Amino acid sequence: MPLCKGHLFLKSIIEFSMLSFRILKTDLHIGFGFLLVTAVSFLEPNGVTGICLLFCFAHELGHLIAMKLTGAEVTGIRLYGGGIGISAETEELGKSARLLIYSAGCLTNITLALILKDRINFTIALFNLMPVSYFDGGMILRLLLPDSEKPLEIVSKVTICVLILAFFASVMTVPASISLSQTMTLFAIIASELIDREL
């Protein structure tokens, strides 16, 4: 899909100051948004965002281990304001191998939640299981319902709208409950969804 001027502007914001490296045949891209969210997380007094980042890395490590176990070739890792994205050659893999890869991150967080008896990992797993196109839940739905591309796209957009409404509802009811890094992350996720983010 060709990008209009507004989409190009959003894409330029997301990819501003992108650092790119090639390590072991894998492209690593670190976006300004990721660096900004990380920096802001260290300024927060309770450190919850920093802990969330650590558990997000554990989530992605779960995906990487599943990719290694199934023989998928990792082609790129992108750290951006809305999270971390991993691209891999999975088309040649069977449905069960791809299902393992897409669910491995959430299974990692659920396992950590049970071991550490914390809610953060459980929340990260639930968040990633939402049916947003490039979240784990969206990828799983696309795999299980391959002939439903248009309905899945609509569900993805509706989910983003619900996220926005939930964000504003929590700001209105408990303003101190939302941090700057959470706001920045939500903006990056919304912008990514608007431009149909590709790795």
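Please refer to the structure higher up on the page.
Computed from a predicted structure; not experimentally measured.

J.: Can you break down the overall build of the chain residue by residue, with the values?
T.: Each helix and strand in the chain was counted, giving 8 helices and 4 strands. The order of α-helices and β-strands along the chain, N terminus first, is α-β-β-α-α-β-β-α-α-α-α-α. Residues counted as buried form 40% of the 199 residues belonging to the chain. When contacts within the chain are restricted to residue pairs at least 6 apart in sequence, those whose partners lie at least 24 apart make up 60%.

J.: Which residues make up the packing of helix 3 (residues 48–70) against helix 4 (residues 95–116), and what are the values?
T.: Between helix 3 and helix 4, the shortest axis-to-axis distance is 8 Å and the interhelical angle comes to 140 degrees. When the interaxial angle is binned, helix 3 and helix 4 end up oblique. Handedness of the crossing formed by helix 3 with helix 4: right-handed. Across from Phe55, Ala58, His59, Gly62, His63, Ala66, Met67 and Thr70 in helix 3, the residues of helix 4 making contact are Ala97, Leu100, Ile101, Tyr102, Ala104, Gly105, Cys106, Thr108, Asn109, Leu112 and Leu116. The residue makeup of the contact of helix 3 with helix 4, split by class, is 12 nonpolar, 7 polar and no charged.

J.: Explain the pairing of strand 2 (residues 26–30) to me, using residue names and the numbers behind them.
T.: In terms of strand pairing, strand 1 (residues 19–23) meets strand 2 through 5 bridges, oriented antiparallel. Pairing of Phe21 across the sheet is with Leu28, part of strand 2. Between the antiparallel neighbours strand 1 and strand 2 lie 2 residues, among them Leu24 with a positive phi of about 50 degrees. Two strands pair when backbone bridges link them, and strand 2 and strand 3 (residues 73–80) are joined in this way by 4 bridges, in the parallel orientation. The residue of strand 3 that forms the bridge with Asp27 is Gly76.

J.: If you had to explain the side chain of Asn121 to someone new, which residues and values would you point to?
T.: As for its position among the elements, Asn121 is in helix 5 (residues 119–128). A distance of 2.8 Å separates polar atoms of two side chains, one belonging to Asn121 and the other to Asn109. Residues in contact with Asn121, not counting those within four places in the same chain, are Phe55, Asn109, Leu112, Ala113 and Leu116.

J.: Please set out the packing of aromatic side chains residue by residue, giving values where relevant.
T.: The final tally for this structure, using the stated rule, is 1 aromatic pair. Note on Phe127 and Phe135: the rings are 5.1 Å apart at their centroids and 45 degrees apart in plane angle, and the pair reads as tilted. On the basis of relative accessibility, which here comes to 30%, the residue Phe127 falls in the partly exposed class.

J.: Could you give an account of the pattern of salt bridges, naming the residues involved and the relevant values?
T.: Tallying each qualifying case throughout the model produces 2 salt bridges. The partner of Asp27 in a salt bridge is Arg22, with the nearest N and O atoms 2.7 Å apart. Lys150 is the partner of Glu153 in a salt bridge, and the nearest nitrogen-oxygen pair spans 4.0 Å. Here Glu153 pairs with Lys150, and both are found in helix 7 (residues 149–173), just 3 residues apart, close to one helical turn. Residue Lys150 is classed as exposed on the basis of its relative accessible area, which comes to 54%.

Reading guide: rules and limits
- Residues numbered from 1 in each chain as written.
- Predicted model: local features only at pLDDT ≥ 70, side-chain atom pairs only at ≥ 80, totals over all residues.
- Heavy atoms only, no water.
- Helix = DSSP H or I, 4+ residues; strand = E, 2+ residues; numbered from the N terminus.
- Buried < 20%, exposed > 50% of the residue type's maximum accessible area, 1.4 Å probe, protein only.
- Contact = heavy atoms within 4.5 Å.
- Axes fitted to C-alpha atoms, helices over the stretch in contact; angles between N-to-C directions.
- Parallel < 35°, antiparallel > 145°, perpendicular 65-115°, else oblique.
- Left-handed = near helix turned anticlockwise from the far one by under 90°.
- Nonpolar A, V, L, I, M, F, W, Y, C, P; charged D, E, K, R; others polar.
- Pairing = 2+ DSSP bridges.
- Polar contact = N/O pair within 3.5 Å; in protein donor to acceptor, adjacent residues only side chain to side chain.
- Phe/Tyr/Trp six-rings, centres within 6.5 Å; stacked < 30°, edge-to-face > 60°.
- Salt bridge = Lys/Arg side-chain N within 4 Å of Asp/Glu carboxyl O.

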